[in-house]
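Letter by letter, the chains look like this.
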Amino acid sequence: MRASFRIGRVAGVPVGVNWSVLVIFLLIAWGLAAVQFPRAYPGRPVWAYVLAGLAAAVVFFLGLLAHEVSHAVVAKRNGLEVGGITLWLFGGVAELRGEARDPGAELRIAGVGPLVSLIIGLFFGGVAVLLSLAGVHGLWLGALAWLAGINVLLAVFNALPAAPLDGGRLLRAAVWKATGDRTKASVVAARAGWVLGVLLIGLGLWRFLVGAGFGGLWLALIGWFLIGAAGMEERQARMGSALRGVRVADVMTPQPQTASGDMTVADFVDHYLFAYRHSALPLTTDGRPVGLVTVDRVRGIPAERRSATTLAEVACRADQLVLASPDEELTDLLPRLSECADGRALVVADGGLVGIVSPSDISRAVQRSSLREQAAGRR
Ligand SMILES: [Zn+2]
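In this report, the structure presented in the accompanying data block is examined. (Residues numbered from 1 in each chain as written. Predicted model: local features only at pLDDT ≥ 70, side-chain atom pairs only at ≥ 80, totals over all residues. Heavy atoms only, no water.)

Notes on the environment of V73
Part 1 of the reasoning: By the element assignment, V73 lies in helix α2 (residues 46-77).
Part 2 of the reasoning: On the basis of relative accessibility, which here comes to 26%, the residue V73 falls in the partly exposed class.
Part 3 of the reasoning: For the pair V73 and A94, spaced 21 residues apart in sequence, the C-alpha separation works out to 9.9 Å. (Helix = DSSP H or I, 4+ residues; strand = E, 2+ residues; numbered from the N terminus. Buried < 20%, exposed > 50% of the residue type's maximum accessible area, 1.4 Å probe, protein only.)

Structure, rendered in structure tokens:
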């Protein structure tokens with residue numbers, strides 16, 4: 001999920017917001033301010049409902065953020081890199097790079113999120129109970145009670161044992177621990193995600209048909225999203241299993257042709273491009289990679305500007321490059337591949353460029369490995 005805009009960093013992790021959050025924020029604030037609060041606490045001025053609705057929606061999103069930040073912090077403590085946190089239509093995502101080392105780490109990283117939501121819910125519930133014991137009633141107590149309920153609901157829903165929910169990761173950790181087989185565990189969790197998705201769609205459509213309206217359709221939409229995400233997790237798990245033990249050096253194209261960033265695009269097109277078999281050209285200075293030009297990027301430069309444009313100007317910059325080491329497992333590299341370099345990684349040893357990995361190198365490796373697995377009868 002892409003962040004439409006960044007709002008800052010929390011615990012060292014960049015936090016972004018997708019525009020779709022705005023839809024949910026307004027729906028929640030509107031539902032509370034225009035429907036739920038006036039019904040439960042009639043006779044207040046409109047501004048009081050609006051203020052309470054907006055405040056509850058803001059605090060709800062802060063709770064969601066705390067949930068994702070807890071995943072990110074525990075993931076970092078367990079040696080994983082965290083690319084960022086994005087809030088979007090279906091809540092939040094903490095983008096973790098790489099995989100948990102063992103079932104225990106998986107359990108801690110996945111379990112902390114629902115735990116944090118539960119604690120937030122219990123906290124607001126406790127405050128609401130104390131206030132009502134002290135004789136305080138009314139709109140603001142209603143907002144606290146709603147926050148308590150929604151956070152407990154968030155904890156319970158996320159703990160359902162189905163990928164890609166946190167509960168699915170807990171299920172994966174349990175199966176992984178019991179069988180020692182990470183791939184099998186991922187497939188079990190993904191299948192459970194598919195089942196939950198189908199159930200939610202069925203339940204949502206049924207509720208819509210009996211008149212629950214938007215709430216029913218919303219459940220069905222979440223179910224549809226779960227089915228898609230679960231299918232993707234299963235494919236990734238199978239690919240990871242096919243590639244186990246394959247190293248970057250096994251699949252890379254060694255010693256690729258390189259160029260200097262000072263060369264003009266016109267020179268490259270006239271003298272290199274047709275003799276050149278690959279669609280990406282690493283730029284180096286003293287053997288060190290400093291950029292990567294793809295044929296697509298060169299093609300984007302109009303012919304009349306090619307003699308005035310250097311390769312360095314159209315290349316992915318050094319800080320956008322994905323670097324790998326020859327001994328690294330290919331499955332560790334895959335989640336790092338970025339769009340700028342069109343899914344390519346440069347392989348570096350002792351600071352010098354020794355190879356390049358392209359998407360076709362990777363798909364060839366997957367094909368070879370699955371053939372090998374079939375031959376070994378491991379399926
Ligand atoms: Zn979570």
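Some words on the sheet that holds strand β8 (residues 316-317)
Part 1 of the reasoning: Overall, antiparallel pairing links the three strands, which are arranged β6-β7-β8 in an open sheet. The open sheet terminates on both sides in strands that have one partner only, identified here as β6 (280-285) and β8. (Pairing = 2+ DSSP bridges.)

Structural notes on the coordination of the zinc ion
Part 1 of the reasoning: Taken together, the protein ligands of the zinc ion are H67 (NE2), H71 (NE2), D166 (OD) and D166 (OD), with distances of 2.0 to 2.7 Å.
Part 2 of the reasoning: Counting residues between consecutive donors of the zinc ion along the chain gives the motif H-x3-H-x94-D. Highlighted residues: H71 in helix α2 and D166 in helix α5 (residues 166-179), separated in sequence by 95 residues.
Part 3 of the reasoning: Here H71 falls in the buried class, since its relative accessible area comes to 6%. (Donors = N, O, S within 2.8 Å, 3.2 Å for Na, K, Ca; no water.)

Comments concerning the sheet that holds strand β2 (residues 13-17)
Part 1 of the reasoning: Spatial strand order, β1-β2-β3-β4: four strands in an open sheet with mixed pairing. One side of each edge strand has no neighbouring strand; the edge strands of this open sheet are β1 (5-10) and β4 (91-97). Here the average twist between neighbouring strands, direction ignored, is 25°.
Part 2 of the reasoning: Pairing between β1 and β2: five bridges, direction antiparallel. By the bridge assignment for β2, F5 is matched with V17.
Part 3 of the reasoning: In the packing of α2 onto the sheet, contacts are made with β1, β2, β3 (81-88) and β4, and the angle to β3 comes to roughly 165°. (Axes fitted to C-alpha atoms, helices over the stretch in contact; angles between N-to-C directions. Contact = heavy atoms within 4.5 Å.)

Here we look at unusual backbone geometry
Part 1 of the reasoning: Following A163, the chain continues to P164 via a peptide bond in cis, the omega torsion being 5°.
Part 2 of the reasoning: By secondary structure assignment, the location of P164 is in the loop between α4 (139-158) and α5.
Part 3 of the reasoning: Non-glycine residue D286 carries a positive phi angle of around 50°.
Part 4 of the reasoning: Take D286: it is sitting in the loop between β6 and β7 (288-294).
Part 5 of the reasoning: Of note, the phi angle at D350 is positive, near 50°, even though the residue is not glycine.
Part 6 of the reasoning: Its location among the elements puts D350 in the loop between β10 (345-349) and β11 (352-357).

Looking at the pattern of salt bridges
Part 1 of the reasoning: Applying the stated criterion to the full structure yields seven salt bridges.
Part 2 of the reasoning: Between E106 and R172 there is a salt bridge, and its shortest N-O distance comes to 2.7 Å. Remark: R172 occurs in helix α5 and E106 occurs in helix α3 (residues 103-133); sequence separation between them is 66 residues.
Part 3 of the reasoning: Of the charged contacts, one joins R238 and E234 as a salt bridge, the two residues approaching to 3.3 Å between their closest N and O atoms. Here E234 and R238 lie together in helix α7 (residues 214-242), a separation of four residues that amounts to about one turn.
Part 4 of the reasoning: For E234, a relative accessible area of 15% translates into the label buried.
Part 5 of the reasoning: Within the structure, one salt-bridge network assembled from shared partners comprises R191, E234 and R238. (Salt bridge = Lys/Arg side-chain N within 4 Å of Asp/Glu carboxyl O.)

A closer look at the packing of helix α1 (residues 20-40) against α4
Each pair of packed helices can be described by the angle between their axes along with the distance between the axes.
Part 1 of the reasoning: Where α1 contacts α4, the two axes come as close as 12 Å, and the packing angle between them is 130°. The orientation of α1 with respect to α4, classified from their angle, is oblique. The way α1 lies across α4 gives a crossing that is right-handed. Two secondary-structure elements touch here, α1 through I28, L32, Q36 and F37 and α4 through L139, G142, A143 and W146. (Parallel < 35°, antiparallel > 145°, perpendicular 65-115°, else oblique. Left-handed = near helix turned anticlockwise from the far one by under 90°.)

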